[in-house]
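So the chains spell out like this:
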Amino acid sequence: QVQVVESGGGLVQSGGSLRLSCAASGSIHSIHAMGWYRQAPGKQRESVAVITSGGITNYQDSVKGRFTISMDNAKNTVYLQMNNLKPEDTAVYYCSAAIRIVGQLSDWDYWGQGTQVTVSS
C-alpha cells in the first residue's frame, strides 16, 4: 500500500557533501512527519534528523550545523543535505515516515530499505 524509497547515498571524501532523498508513495492520506536514521556497523540505529509536515525540525547534536533536513509536502519527499561529512557519519541511512493511509484513522511508521553512506578519511 505504501512504499518508502531512499536514494542518494554513496562514497565521499571527508569534508564532502551528499544529498539524500526519500519519497513515499501509495495510498497516502497524509504524512505527519518524516525523518532520517542511521545505523553504523555494530551500533544501534539512531535518529539523525526529523521534520514534521509543519516544518518543525530536530537534529542529533553531532550533525547540527552540518546537515539540513527539508520536506516537500506536495511530493511526499524528504531530503537530507549533508555537508562537511566526517568518517564517523559512515552508516546505512534509513528514511522513516509517519503516514496515515487512506481509510485509516491512525498514523503508522513506514521504513525504507536504507542507503549506504561511506565517508573516507
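Residues numbered from 1 in each chain as written. Predicted model: local features only at pLDDT ≥ 70, side-chain atom pairs only at ≥ 80, totals over all residues. Heavy atoms only, no water.

### A look at the state of the cysteines
Cut-off, in case you're wondering: Disulfide assignment relies on a single distance test, namely cysteine sulfur atoms paired within 2.5 Å. For helices the rule is a DSSP run of H or I covering at least 4 residues; for strands it is a run of E covering at least 2, with both sets numbered from the N terminus onward. Remark: exposure states derive from per-residue accessible area (1.4 Å probe, protein chains only) relative to the maximum for the residue type, with buried under 20%, exposed over 50%, and partly exposed in between.
Per the counting criterion, the structure on display carries one disulfide. A sulfur-sulfur distance of 2.0 Å marks the disulfide that ties C22 to C95. Because the sign of the S-S torsion sets the handedness, a value of about -80° for the bond joining C22 and C95 places this disulfide among the left-handed ones. With C22 in strand 3 (residues 18–26) and C95 in strand 9 (residues 91–101), this residue pair connects regions lying 73 residues apart in the sequence. Like C22, the residue C95 is buried in the burial classification.

### Some remarks on unusual backbone geometry
With a phi angle near 50°, N76 is a residue other than glycine that sits in the positive phi range. Considering the arrangement of structural elements, one finds N76 in the loop between strand 7 (67–72) and strand 8 (77–82).

### Side note on the pattern of salt bridges
As a reminder, the rule being used: Salt bridges, as used here, are contacts in which a Lys or Arg side-chain nitrogen is within 4 Å of a carboxyl oxygen on Asp or Glu.
Taken as a whole, this structure holds five salt bridges when the rule is applied. In this structure, E46 and R38 form a salt bridge, with 2.7 Å as the shortest nitrogen-oxygen distance. On the accessibility criterion, E46 (32% relative accessible area) is partly exposed. The class of R38 is buried, set by a relative accessible area of 6%. A salt bridge links R100 to D107; the shortest N-O distance between them is 3.4 Å. Given the relative accessible area of 28%, R100 is considered partly exposed. Each of R38, E46, R66 and D89 takes part in a single network of salt bridges with overlapping partners.

### Here's the deal with the sheet that holds strand 1 (residues 2–7)
Applicable threshold: Here, strands pair whenever DSSP counts at least two bridges between them. For every element, the axis is a line fit to its C-alpha atoms; helices are fit only across the contacting stretch, and the angle between N-to-C directions ranges from 0 to 180 degrees.
With antiparallel pairing, the four strands of this open sheet are ordered in space as 1-3-8-7. Each edge of the sheet is formed by a strand with only one pairing partner; in this case those strands are strand 1 and strand 7. Within this sheet the neighbouring strands show an average axis-to-axis angle of 15°, counted without direction. Here six bridges tie strand 7 to strand 8, and the two strands are oriented antiparallel to one another. Residue pairing in the sheet places F67 in a bridge with M82 of strand 8.

### Concerning the nonpolar core
How we decide: Side-chain atoms within 4.5 Å are what join buried Ala, Val, Leu, Ile, Met, Phe, Trp, Tyr and Cys residues into a set we call a nonpolar core. Whether two residues touch is decided by their heavy atoms; if any such pair falls within 4.5 Å, the residues are in contact.
One finds M34, W36, L80, M82, Y93 and I99 to be the most contacted residues of the largest nonpolar core, which totals 33 residues. Of all the secondary structure elements, the ones that give two or more residues to this core are strand 1, strand 3, strand 4 (28–39), strand 5 (46–52), strand 7, strand 8, strand 9 and strand 11 (115–120). Sorting elements by how many residues they give to this core places strand 9 first, with six residues. Excluding residues that lie within four positions of it along the chain, M34 makes contacts with C22, A24, V50, I51, I69, M71, N76, T77, V78, C95, S96 and A97.

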